[in-house]
Amino acid sequence: MSQAELEWCVHGGGVVEDGIKYVVRTDVIYEHVEDAESDSSSDSSSDSSSDSSSDSSSDSSSDSSSDSSSDPLFRHDSIVRSTLNPHQPPSPSSPLLSVYSPAFLSLVSPLYEPVMGAENLGYVLHSLVRFLKPGRVTEIGAGYTTLFILMALRENEEEMGRIRETVEGGRMKLLDYPWMEEGVVGALAGTRPRLTILDNCLHQKEQATGAAGVARELGLDPYMDFKVGDAYEANFEEGSIDMLWCDFGVGKRMKEFMRANWSSLSPGGYLICHSTLTNSNTRSWLESVRSNSGLDACGIPAGSYEQISFLEPHKRFQNSVTIIQKRDSGYEEPLYSEYA
């Protein structure tokens with residue numbers, strides 16, 4: 001009998017290519033959890049007459065045993081939940097709870113300019129950086145969104161530090177199975193993520209210098225490298241950027257910019273462009289991207305990417321974003337399992 005049959009709540013299903021397919025009985029699992037909670041509640045009631053010293057000792061013992069249960073399905077759940085929970089308590093190194101906290105918003109809000117159209121993009125970029133974990137981000141055209149990216153980078157560093165510690169302790173397991181790719185965890189936790197900002201600071205509504213000042217006030221400057229310069233004169237190293245965020249009104253010159261800088265994206269890296277759909281100049285470039293027209297038309301080699309665009313339907317201007325993933329050089333996502 002297999003280990004799964006011995007220890008997990010499973011039953012054999014139909015025969016598949018490699019043998020029997022086992023189905024996890026979630027109804028039994030949750031019945032088990034409810035029974036455990038019921039037992040815990042009963043124990044708590046019976047202990048209520050004990051003195052405070054006994055209560056403290058009992059609570060400590062209960063907390064300790066809950067994560068060292070002999071049940072392989074759940075014995076690490078508590079520490080894994082604590083490690084992965086994005087709602088971490090504040091600490092001396094991270095006094096701000098989130099990008100939704102009043103302290104953060106009070107400092108960032110003065111950077112918001114309606115004409116820039118980035119009121120929702122800050123949160124979009126924050127979520128993308130948190131999810132994709134890019135180590136090297138470049139932003140062309142800084143301002144309101146800069147602080148959301150920097151916050152995401154700091155949160156990523158803190159999160160990966162917690163994960164590495166739990167992995168090294170042998171407890172990053174759910175259903176008694178290793179939940180993380182240790183090599184990736186080590187690489188991400190071993191290097192501080194960075195945002196390189198390039199802005200010529202010439203726009204009449206220029207926000208870059210203000211953003212840099214707010215970043216320093218928030219203690220985010222260790223994640224930031226600010227450069228004053230022209231995007232068309234940038235000389236990024238090949239494969240040096242994991243995420244390139246462009247918000248500099250390129251229009252017809254997007255082909256020129258991409259021809260010079262496509263190679264700077266790492267395999268699997270992302271190019272994110274603002275305001276691509278409803279102005280004819282940038283839309284023309286985007287249509288050549290969509291049709292895989294190649295270097296001469298859009299500055300990107302045909303067949304080397306995937307793309308998708310999103311529209312804010314209620315706005316006439318500054319109302320869209322396009323995401324392009326570089327998929328040449330044999331890039332392919334790994335396969336870790338058959339079902340999950």
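Below you will find a few notes about this structure. Small disclaimer: the values here were computed from a predicted structure and weren't measured.

1. Brief notes about the overall build of the protein chain
- Helix and strand counts for the protein chain stand at 12 helices and 11 strands.
- A burial count over the protein chain gives 36% of its 340 residues as buried.
- Partitioning the intrachain contacts of the protein chain with sequence separation of at least 6 by distance along the chain shows that 70% fall at a separation of at least 24.
- Surface exposure of the protein chain reaches about 19200 Å², of which carbon and sulfur atoms provide 50%.

2. Quick look at the packing of aromatic side chains
- In this structure the tally under the stated criterion is seven aromatic pairs.
- Counting every residue linked through ring pairs, the aromatic cluster contains Y100, F104, Y112, Y123, Y144 and F148.
- When the ring centre of Y223 is taken as origin, the NZ or CZ atom of R192, which lies over that ring, is 4.6 Å away.
- Here the guanidinium or amino end of R253 rests over the ring plane of Y232, the centre of that ring lying 3.5 Å away.

3. Here we look at a negative patch on the surface
- Residues E165, E168, E181 and E182 make up a contiguous surface patch of negative charge.
- Following the sequence through the fold, E165 ends up in helix 7 (residues 144-168).
- For E165, a relative accessible area of 61% puts it in the exposed group.

4. Details of the sheet that holds strand 8 (residues 241-246)
- Read across the open sheet, the seven strands follow the order 7-6-3-8-9-11-10; overall the sheet is mixed. With partners counted over all chains shown, the strands left at the sheet margins are strand 7 (224-228) and strand 10 (305-311), one partner each. Taken pair by pair, the neighbouring strands of this sheet meet at an average axis angle of 15°, ignoring direction.
- Relative to strand 9 (residues 265-274), strand 8 runs parallel, the two being bridged by five bridges. When the sheet's bridge partners are listed, W245 is paired in strand 9 with I272.
- The strands touched by helix 7 within the sheet are strand 3 (136-140), strand 6 (194-199), strand 7 and strand 8, with strand 6 carrying the most contacts at an inclination of about 165°.

5. What about the state of the cysteines?
- Inspection of the entire model under this criterion finds zero disulfides.
- Unpaired in terms of disulfides, C273 finds its nearest cysteine sulfur in C246, a separation of 4.8 Å.

6. What about helix 6 (residues 121-132)?
- Between its first and last C-alpha atoms helix 6 spans 16 Å; for 12 residues at 1.5 Å apiece the expected length is 16 Å, and the two agree.
- Within helix 6, the full set of buried residues consists of L121, G122, L125, H126, V129 and R130. Around the axis of helix 6, the buried residues are gathered within 165° of arc, so they sit on the same side.
- Among the structural elements, helix 7, strand 8, strand 9 and strand 11 (320-326) are those in contact with the buried residues of helix 6.

Parameters at a glance
Residues numbered from 1 in each chain as written. Predicted model: local features only at pLDDT ≥ 70, side-chain atom pairs only at ≥ 80, totals over all residues. Heavy atoms only, no water. Helix = DSSP H or I, 4+ residues; strand = E, 2+ residues; numbered from the N terminus. Buried < 20%, exposed > 50% of the residue type's maximum accessible area, 1.4 Å probe, protein only. Contact = heavy atoms within 4.5 Å. Areas by Shrake-Rupley, 256 points an atom, 1.4 Å probe, with all protein chains shown as cover. Phe/Tyr/Trp six-rings, centres within 6.5 Å; stacked < 30°, edge-to-face > 60°. Lys NZ or Arg CZ within 6 Å of the ring centre and 35° of its normal. Patch = residues over 30% accessible without salt bridge, like charges linked within 9 Å, V, L, I, M, F, W, Y side chains within 5 Å. Salt bridge = Lys/Arg side-chain N within 4 Å of Asp/Glu carboxyl O. Lys, Arg positive; Asp, Glu negative; His and termini not counted. Charge placed at Lys NZ, Arg CZ, Asp CG, Glu CD. Pairing = 2+ DSSP bridges. Axes fitted to C-alpha atoms, helices over the stretch in contact; angles between N-to-C directions. Disulfide = S-S within 2.5 Å. Expected span 1.5 Å × (residues − 1). Arc of directions from axis to C-beta.

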